[in-house]
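# Structural overview for review
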Amino acid sequence: MDTASIYYVDDRGLHNALNDRGRNFWYAYVEEIFDQLGIRAASIEPTRQGIEEILARASCLVLGPVTDPALFPTMAPALQEWVARGGILIGFGCEGLDALFGVDGNAMIRQPMGDFALNGFFDVQHVAVAAGVHSYLHPGQRLLIFSDVRAVTPNAATVVGRYGYANGRPSPFAAVTARPIGSGWAFYFAFDVPKTLWVLHQGRPVDADYDGDGYFRASDARVIGHNEEEVLYADEILFLIQNMIARRPQPFIFACPPVEDAPPHMLLFWGGDDEARAGSQVLASDFMAARNLPYHLNIMPEKGEFRLSASEAEHIRSNNHELSLHYNFITGRTHPYAFTQADMAEQAEAFLRAFGRRAECTVNHWVTWVGWAEPAKWMAACGGTADNGRIHSATPPLNPANQIGFSFGSAFPFSFYDDWRNGNARIDFIEEPITAYEMGYRQEENDFAMVHRAMDLAAHYHLTMNLFYHPPNIAYRASCRAAIDEALSYIRRRGLRVKHAGNDELARWWKQRRASWAGDLCCEAGRIQFSTRTEHRDGMIVKIPSQSRTAAACRCSGRHAAFENRFEFGQNWVYVVAPEGECAVSIELSQRDSP
């Protein structure tokens, strides 16, 4: 097992059968999990021959739902032998391998009231595989489950996460378990992980004014209820899966591109909406340019007209700042208003006529939304690449300022997926969640502690963090400008390396990251080797777990490669800079374990 590779069982027959019956195949979202983690995984058909053929070269195998209930039980001996030789087996609610995973279970705790209802919680235990995962801000907040749950109890496994009922009461069951077998591990999630992440990210369809604020907005899609908004519910599950895979060496593409040929601690992307406030756009752009910061301005139409002239637009572009569209389905409408594809196309064409190019990453005024994935398809049809409208917080209030939050579970970009009517296909359009909104001030009073809180959190988890500041506030509020300056000052004081970007730039990077690749891993005594193919012009960072060892030197196709050792998630990681194009990376490890 010298070459590491990751496979997942994908039952296309079950996928099609569920879609034919008018149901979503939630496991399709497993592809998004791998993309967000920055790893390339290959699907295999759910047959004994297909699975046995890949075991000799697989380092990790992910199992999900299959049509044939006898498949996994008949493969238990072969899978157990493979795990004992060093394989990593991860089960997402699959059935038939309880003895291998070290659990007992029969009953099913059904998800109440439809696909978007909470079906319980799980905590994160203080065990090695969960090191560094759970929120240090809110350690008492449990993570959320949006799927059926198998009522399992461990007999030979360790509990990684304990299940609790949706009403808050404890249960005797485990939600996540870990079992060492020989040189490998068998990890089990007693719930549907892809469904839970999909529901957290995309939310429920906006087919009613669920929060009662009088509008159809992204806040109506939220499913986390009154649970703590500062917890990364989806991302923490990703980090947990990452730690499971990282029980043995595996290259992951880092979420942030290099900065000055080195790995950053986080990526901050800066944007805001002009609210059709004439004159504010240039003032805000000049302020950001004076601080060498990128900025993304969304320009809003009122009665079909924009309050930004062609000469002002050119001035903003000369500052290397991005101009995009602030769709307006608020002004002059009777609410709650369900905007249409024609409404969207009309404003997209008006932006093209006014500014000579298509809008890439856009925002809807007051983050309005309708349906489930439909607006994503409409914006993509208008030439858009991304939306920046999954709001950080519940509403009302209509404008929850000076907050950080992850109402949709994640700080990282993610794709929209279609429903069963279109085969649960991934849409070529991403969401960039709002996470830090008008942070660091209220009216004319500053709150620098909130700035520090956001920067510390982003650095701790290496997030892509959206700093959202409206141009009129930058232009006309000294407290807003002071908050931005404090963020930069605090970054300098902490010695943090930061990639600053605009929303369009982030969308392009995320697409190029998805198209890049790191694999063909080979581990020898004191050396790790793998290959990369990088699409981004500045290169990419590949991080690889090195357990108790650290890197002494790194080379890329024979030439010195920049690298950095970091201790994170309970072990050492090596961060290596891979240049654009193809590269053969070689890491020489230290001769002894780090203390």
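In case you missed it, the structure is sitting above this.
Residues numbered from 1 in each chain as written. Predicted model: local features only at pLDDT ≥ 70, side-chain atom pairs only at ≥ 80, totals over all residues. Heavy atoms only, no water.

Glancing now at the overall build of the protein chain. The helix and strand inventory of the protein chain stands at 15 helices and 36 strands. Taking 595 residues into account, the globule formula puts the C-alpha radius of gyration at 25 Å, and the protein chain, at 24 Å, falls close to it. Counting only C-alpha atoms and orienting by the principal axes, one finds that the protein chain spans roughly 70 × 55 × 40 Å. Relative to its full complement of 595 residues, the protein chain shows a buried share of 61%. If you take every contact in the protein chain between residues at least 6 apart in sequence, the share linking residues at least 24 apart comes to 76%. (Helix = DSSP H or I, 4+ residues; strand = E, 2+ residues; numbered from the N terminus. Rg over C-alpha atoms; globule rule 2.2 N^0.38 Å. Buried < 20%, exposed > 50% of the residue type's maximum accessible area, 1.4 Å probe, protein only. Contact = heavy atoms within 4.5 Å.)

In this structure the tally under the stated criterion is one disulfide. A sulfur-sulfur distance of 1.3 Å marks the disulfide that ties Cys-556 to Cys-583. Pair noted here: Cys-556 is in strand S32 (residues 551-556) and Cys-583 is in strand S36 (residues 581-589), with a separation of 27 residues, a long-range link. Comparing Cys-556 with Cys-583, the two get one shared label, buried. As a non-bridged cysteine, Cys-256 has Cys-361 as the owner of its nearest cysteine sulfur, 17 Å distant. Among the cysteines around Cys-523, which has no disulfide bond, Cys-522 carries the closest sulfur, lying 6.8 Å off. (Disulfide = S-S within 2.5 Å.)

A word on the packing of aromatic side chains. Tallied over the full model, the rule gives 33 aromatic pairs. Between Phe-101 and Tyr-188 the ring centres are 4.8 Å apart and the planes differ by 40°, which places this aromatic pair in the tilted class. Of this pair, Phe-101 sits in helix H5 (residues 98-101) while Tyr-188 sits in strand S12 (residues 184-189), and the two are 87 residues apart along the sequence. Residue Phe-101 shares its accessibility class with Tyr-188, and that shared class is buried. Of the aromatic side chains, those joined through ring pairs into one cluster are Trp-26, Tyr-29, Phe-116, Trp-198, Trp-372 and Tyr-417. A cation over an aromatic ring shows up here: Arg-390 above the ring of Trp-369, its NZ or CZ 4.5 Å from the ring centre. Note that Arg-566 overlies the ring of Tyr-575, its terminal NZ or CZ placed 4.4 Å from the centroid. (Phe/Tyr/Trp six-rings, centres within 6.5 Å; stacked < 30°, edge-to-face > 60°. Lys NZ or Arg CZ within 6 Å of the ring centre and 35° of its normal.)

Here the focus is helix H1 (residues 12-20). Of the positions making up H1, those classed as buried are Leu-14, His-15, Leu-18 and Asn-19. One side of H1 holds all its buried residues, which, seen down the axis, span an arc of 130°. For H1, the side-chain oxygen to backbone nitrogen distance between the N-cap and Gly-13 is 3.2 Å, and the N-cap itself is Asp-11. Downstream of H1 by a residue or two, Gly-22 has a phi angle that is positive, lying close to 80°. (Arc of directions from axis to C-beta. Polar contact = N/O pair within 3.5 Å; in protein donor to acceptor, adjacent residues only side chain to side chain.)

Neither face of strand S15 (residues 296-299) is open: one carries His-296 and Asn-298, the other Leu-297 and Ile-299, and all of them are buried. Both strand S14 (residues 266-273) and S15 contribute to a ladder of three bridges, which runs parallel. Considered in S15, the bridge of Asp-273 is made with Asn-298. Handedness of the crossover joining S14 and S15 through helix H8 (residues 280-290): right-handed. Pairing between S15 and strand S18 (residues 322-327): four bridges, direction parallel. Across the sheet, residue Leu-297 finds its bridge partner in S18, namely Leu-323. (Pairing = 2+ DSSP bridges. Right-handed = clockwise from strand over helix to strand, strands pointing away.)

Along the polypeptide, Asn-319 turns up in the loop between helix H9 (310-318) and S18. Looking at Asn-319, the relative accessible area reads 19%, which means it is buried. At 2.8 Å, the side chain of Asn-319 forms a polar contact with the side chain of Ser-285. Excluding residues that lie within four positions of it along the chain, Asn-319 makes contacts with Ser-285, Asp-286 and Ala-289.

With that out of the way, let us pick up the pairing of strand S27 (residues 464-468). On any regular strand, side chains alternate: one points to one face of the sheet, the next to the other face. Judged by how many residues are buried, S27 sits mostly within the fold: five of five residues are covered. Side-chain alternation along S27 places Thr-464, Asn-466 and Phe-468 on one buried face and Met-465 and Leu-467 on a second face that is also buried. In terms of strand pairing, S14 meets S27 through five bridges, oriented parallel. Residue pairing across strands places Leu-268 opposite Met-465, the latter belonging to S27. Across two bridges, strand S24 (residues 436-437) lies against S27 in parallel orientation. Directly across from Ala-436, in S27, lies its bridge partner Leu-467.

Further remarks concern the packing of helix H2 (residues 30-37) against helix H6 (residues 193-202). Two quantities define a packed helix pair, namely the angle between the axes and the distance from one axis to the other. Between H2 and H6, whose axes approach to 8 Å, the crossing angle comes to 75°. By the criterion of interaxial angle, the relationship of H2 to H6 is roughly perpendicular. Across from Val-30, Ile-33 and Gln-36 in H2, the residues of H6 making contact are Val-193, Pro-194, Leu-197 and His-201. Residues that form the contact of H2 with H6 fall into these classes: five nonpolar, two polar and no charged. (Axes fitted to C-alpha atoms, helices over the stretch in contact; angles between N-to-C directions. Parallel < 35°, antiparallel > 145°, perpendicular 65-115°, else oblique. Nonpolar A, V, L, I, M, F, W, Y, C, P; charged D, E, K, R; others polar.)

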